[in-house]
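In case you want the letters, here they are:
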Amino acid sequence: MTGKKKMNKHTPIKLPASLLERASEKYDFGAALRVGAGMPAPVADPAPTPPAVAQPAPAPLAAPAPAPVAAAPAASVSFRTAAAPPAPAPQSERFAHIDRQRLTAANMIDPDGPVTGLSEEFRIVKRQLLLAARGGKGLDPIDRGERILICSAHPNEGKTFCAINLALSMASEKDNRVLLVDADFAKPSVLARLGIPSSPGLMDALANPSVDVEDYVIATDIPNLSILPAGAQTNQDTEYLAASRAAAVLDQLTAHDPARIIIFDSPPALAASPASVLALQVGQTVVVVHADVTTDSALRDALSLLSGCEHIQLMLNKTKFSPTGRKFGSYYGYGA
Ligand SMILES: Nc1ncnc2c1ncn2[C@@H]1O[C@H](COP(=O)(O)OP(=O)(O)OP(=O)(O)O)[C@@H](O)[C@H]1O
Ligand SMILES: [Mg+2]
């Protein structure tokens, strides 16, 4: 973004660029992305100004006093309604403790911990995504912008890491409720990363029309954060996602709570076909770029596969140095 916008005397002091902005500086794919008919320039940051200044109310980065985590040594999923009087509709509200020690050990945001470089980075990124999802500052909300796919070209580039951190960061805001969906059906990892035992999820709901997907949503002891597991593995995941029931089930998730931001942890675009089908169902896609590792050609191929989504942004991950001179390695546990 730097240097692309004309400054005038009303332009606020520019804050350091976010990971999204730095990614678009590093990878200039505007032209490639605009190849699709009627496609806007997705790499261009949708926020007219750096989001940290665009948003007047900063997020309370320390999560608002969630349940004491130390008291929950082993993660568990319980059924809150089990002890309730017999209910006519057996709607089970499931609940899990999220293992903070696991988060810390994996260098992720600790919702009970202090503000860190990492939490600041995700705070800036989330502002941009929320602005696009909700509108504001003269921008209309984008269609289905509350559904955000976190993807990348290859495995191991940090999709799950970024999806979880983004979900934690967004959930720390009072006005947001966040549903983190494990959409890596062949290799689900969200539950394990959070210390939650495996349980049925989205794919089970897609495969069985008599199931209410909401029954598989797990509330957590992090206020405003719930999880939808990937569900049973099948070799027909792409077909299920492409079927009309998938659109209906995803609409159901939004209809159940219109204030919900839904973050999908995707499989890699170049290794699995569900990613491109998921891209058709979301309003925003963040493509995680492993700094200095993801090649231009892999990224171009991934972007082309994900072009069903009109709003794609790149996010640099595992950066050691920023082009602006800021150093991020230590924030991410990569170097000092
Ligand atoms: N910025 C980071 N700082 C520290 N560790 C990171 C960072 N990004 C990713 N990792 C670690 O790198 C490993 C791979 O990340 P992750 O599992 O998120 O990748 P992925 O793209 O989801 O991979 P896959 O496609 O196999 O699901 C994990 O151990 C994760 O904790
Ligand atoms: Mg992953």
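Residues numbered from 1 in each chain as written. Chains lettered and ligands numbered in written order. Predicted model: local features only at pLDDT ≥ 70, side-chain atom pairs only at ≥ 80, totals over all residues.

With that out of the way, let us pick up the overall build of the protein. Along the backbone of the protein there are 13 helices and nine strands. Looking at the protein as a whole, 45% of its 336 residues are labelled buried. By sequence separation, contacts in the protein at least 24 residues apart represent 76% of the contacts at least 6 residues apart. (Helix = DSSP H or I, 4+ residues; strand = E, 2+ residues; numbered from the N terminus. Buried ≥ 20, exposed ≤ 12 C-beta atoms within 10 Å, placed from the backbone. Contact = placed C-beta atoms within 7 Å.)

Per-residue confidence for the protein gives a mean pLDDT of 76, with 67% of residues at or over 70. Counting contacts from residues 1–16, a segment whose pLDDT is below 50, to residues more than four positions away or on other chains yields 14 contacts. In this model residues 31–91 is a low-confidence stretch, pLDDT under 50, and it forms 109 contacts with partners more than four residues away in sequence or in other chains. (pLDDT = per-residue confidence, 0-100.)

The next point concerns helix α12 (residues 296–305). Each α-helix turn comprises 3.6 residues. Residues three or four places apart therefore point the same way. Residues of α12 that are buried include every one of Leu-299, Ala-302 and Leu-303, and no others. The buried residues of α12 all sit within an arc of 100° when viewed along its axis, so they share a single face. (Arc of directions from axis to C-beta.)

What follows covers the environment of Lys-126. Along the polypeptide, Lys-126 turns up in helix α5 (residues 117–134). Its 29 C-beta neighbours within 10 Å are what place Lys-126 among the buried residues. Expressed as a C-alpha distance, the spacing of Lys-126 and Asn-165, which sit 39 residues apart in the sequence, is 9.9 Å. Each residue touching Lys-126, except ones within four places of it in the same chain, is listed here: Leu-166, Ser-169 and Met-170.

Non-glycine residue Asn-156 carries a positive phi angle of around 70°. Position of Asn-156 relative to the elements: it lies in the loop between β3 (147–152) and α6 (159–171). Within the chain, Asp-292 stands out as a residue other than glycine whose phi angle is a positive 65°. With respect to the helices and strands, Asp-292 occurs in the loop between β8 (284–290) and α12.

Okay, the nonpolar core next. Core analysis: the largest hydrophobic core is formed by 81 residues, its most contacted members being Ile-150, Ala-167, Leu-180, Ile-263, Phe-264, Val-287 and Leu-306. Not counting residues up to four positions away in its chain, the partners in contact with Phe-264 are Ile-148, Leu-149, Ile-150, Val-181, Ala-183, Leu-278 and Val-282. (Core = buried A, V, L, I, M, F, W, Y, C linked by C-beta atoms within 7 Å.)

With that settled, consider α6. Its 13 residues give α6 an end-to-end C-alpha distance of 18 Å, which sits within 8% of 18 Å, the value for a rise of 1.5 Å per residue. Summarising burial for α6: 13 of the 13 residues are buried, a large majority. (Expected span 1.5 Å × (residues − 1).)

So, about the environment of Met-203. As for its placement among the helices and strands, Met-203 is situated in helix α8 (residues 202–207). Between the C-alpha atom of Met-203 and that of Ala-230, which follows or precedes it by 27 residues, the distance is 6.0 Å. The residues touching Met-203, leaving out its near neighbours within four places in the chain, are Phe-185, Ala-230, Gly-231, Ala-232, Thr-234, Asp-237 and Tyr-240.

This next bit is on the pairing of strand β7 (residues 260–265). Among the six residues that make up β7, five are buried, leaving the element largely enclosed by the rest of the structure. Summarising the sheet, strand β4 (residues 177–182) and β7 pair through six bridges and their orientation is parallel. By the bridge assignment for β7, Val-181 is matched with Phe-264. (Pairing = 2+ DSSP bridges.)

A few words on the environment of Glu-173. Relative to the helices and strands, Glu-173 resides in the loop between α6 and β4. A tally of 22 C-beta atoms within 10 Å means that Glu-173 is categorised as buried. In sequence terms Glu-173 and Asn-224 are 51 residues apart; their C-alpha atoms lie 8.2 Å from each other.

So, on to the pairing of β8. On a regular strand, one side chain projects to one face of the sheet and the next to the other, so that they alternate. Most of β8 sits inside the fold, with six of its seven residues counted as buried. Note: β3 against β8, five bridges, orientation parallel. Considered in β8, the bridge of Leu-149 is made with Thr-285. Two strands pair when backbone bridges link them, and β8 and strand β9 (residues 312–317) are joined in this way by six bridges, in the parallel orientation. Across the sheet, residue Val-287 finds its bridge partner in β9, namely Leu-314. Between the parallel pair β8 and β9, the chain is carried across by α12, and the sense of this crossover is right-handed. (Right-handed = clockwise from strand over helix to strand, strands pointing away.)

We now examine the packing of α5 against α6. It is at 9 Å that the axes of α5 and α6 come closest, and there the two elements cross at 80°. As summarised for this structure, α5 and α6 are arranged roughly perpendicular, according to the angle between their axes. Between α5, through Leu-118, Ser-119, Phe-122, Arg-123, Val-125 and Lys-126, and α6, the contact on the second element is made entirely by Asn-165, Leu-166, Ser-169 and Met-170. The residue makeup of the contact of α5 with α6, split by class, is five nonpolar, three polar and two charged. (Axes fitted to C-alpha atoms, helices over the stretch in contact; angles between N-to-C directions. Parallel < 35°, antiparallel > 145°, perpendicular 65-115°, else oblique. Nonpolar A, V, L, I, M, F, W, Y, C, P; charged D, E, K, R; others polar.)

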